[in-house]
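Residue-level structure breakdown
Here are the chains, one letter per residue:
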Amino acid sequence: MKKAAARAAMEWVQDNSVVGVGSGSTANFFIDELAKRKDFIEGAVASSEPTATRLRDAGIQVLELNETGDLSVYVDGADEVNDRLQLIKGGGGALTREKIVAAASTTFVCIADASKQVTVLGEFPLPIEVIPMARSYVGRQIVKLGGDPDLRDGFTTDNGNLILDVYNLDITNPLELERQFNQIAGVVCCGIFAQRPADILLLGQKDGSVSKVEL
Ligand code: 5RP
């Protein structure tokens, strides 16, 4: 299902362009597809160090976002997606760079298997990237917002920070909750992607087909 969605995303990859590439197992399938077109694209901007390594191993040039300017397309997976194409991301801990590359891209194509589609976001624990010295403070603020934070053990992000996975949140208003988390001092990034949702969702189905949802 992930592979089928990844393959379908190639329709949005233009010749001679720089492609934004996400992180995770679905994005890895996309890199496999992109590798087949490596001679026709200029390169890629990676949303994590593992993605950068995988792109280079596939023979795709990795470029810095500071050099490329805005991108035409960003392709990435998600942990959950609702019918407004708002997402929870960060299961792999790459949410901050993912949010940056998504923000800098004209079209965000989300690729996922059908199990990621939900009515209300929040069954998947919400990842929040936090500056290490603010860990306890941010945890207390999260409790005030109704969540149960859990430090991701032994994990450091590509930016040298920590991840709090937050359980039991009511995410019926993703835009507002994203705004509230963004205002807590010490929060680097919250895994709700509502201010910048996906533009297109490609969902791999069990029968091998891919359904498309467009905002
Ligand atoms: C990484 C992410 C991934 O997109 C998300 O965890 C989905 O992963 P997968 O494609 O392996 O199911 O946000 O930070």
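Now for a quick tour of the structure. Since this is a predicted model, take the numbers as computed values, not measurements. (Residues numbered from 1 in each chain as written. Predicted model: local features only at pLDDT ≥ 70, side-chain atom pairs only at ≥ 80, totals over all residues. Heavy atoms only, no water.)

1. Overview of the pattern of salt bridges
Applying the stated criterion to the full structure yields 13 salt bridges. The salt bridge involving Arg152 is made with Asp165; its shortest N-O contact spans 2.8 Å. Residue Arg152 is found in the loop between strand E8 (148-151) and strand E9 (162-167), and its partner Asp165 is found in strand E9; the two are separated by 13 residues along the sequence. Judged by its relative accessible area of 15%, Arg152 falls in the buried class. Across the pair Arg179 and Glu176 runs a salt bridge, and its minimum N-O distance is 2.7 Å. One end of the pair, Arg179, and the other, Glu176, are both in helix H7 (residues 174-182), three residues apart, so they sit about a helical turn from each other. (Salt bridge = Lys/Arg side-chain N within 4 Å of Asp/Glu carboxyl O. Helix = DSSP H or I, 4+ residues; strand = E, 2+ residues; numbered from the N terminus. Buried < 20%, exposed > 50% of the residue type's maximum accessible area, 1.4 Å probe, protein only.)

2. Notes on the pairing of E9
For E9, a buried count of five out of six residues is recorded, marking the element as mostly surrounded by other parts of the structure. Where strand E7 (residues 126-130) and E9 come together, five bridges link them in antiparallel fashion. In the strand pairing of E9, Leu126 is matched with Val166. As judged from the four bridges shared by E8 and E9, these two strands associate in the antiparallel manner. (Pairing = 2+ DSSP bridges.)

3. Quick notes on the nonpolar core
Core analysis: the biggest nonpolar cluster contains 23 residues, and Val19, Val21, Phe30, Leu34, Leu55, Val109 and Ile111 have the highest contact counts within it. Among the secondary structure elements, those contributing two or more residues to this core are helix H1 (2-8), strand E1 (18-21), helix H2 (25-35), strand E2 (43-46), helix H3 (49-57), strand E3 (71-76), strand E6 (105-113) and strand E12 (200-204). When residues in this core are grouped by element, the largest group, three residues, is from H2. Residues Val138, Leu164, Val166 and Ala194 belong to the second largest nonpolar core, which totals 19 residues. (Core = buried A, V, L, I, M, F, W, Y, C linked by side-chain atoms within 4.5 Å.)

4. Observations regarding the site of the ligand
Within the structure, the ligand sits among 17 residues, and Ser25, Thr26, Asp79, Gly90 and Lys116 are positioned closest to it. Between the ligand and Ser25, the relevant distance is 2.5 Å, taken from an oxygen atom to a side-chain nitrogen or oxygen of the residue. Here an oxygen atom of the ligand and a backbone polar atom of Gly90 are 2.8 Å apart. When the ligand sits alone it has 380 Å² of accessible area, and the protein chains cover 91% of it. (Near = heavy atom within 4 Å. Polar contact = N/O pair within 3.5 Å; in protein donor to acceptor, adjacent residues only side chain to side chain. Areas by Shrake-Rupley, 256 points an atom, 1.4 Å probe, with all protein chains shown as cover.)

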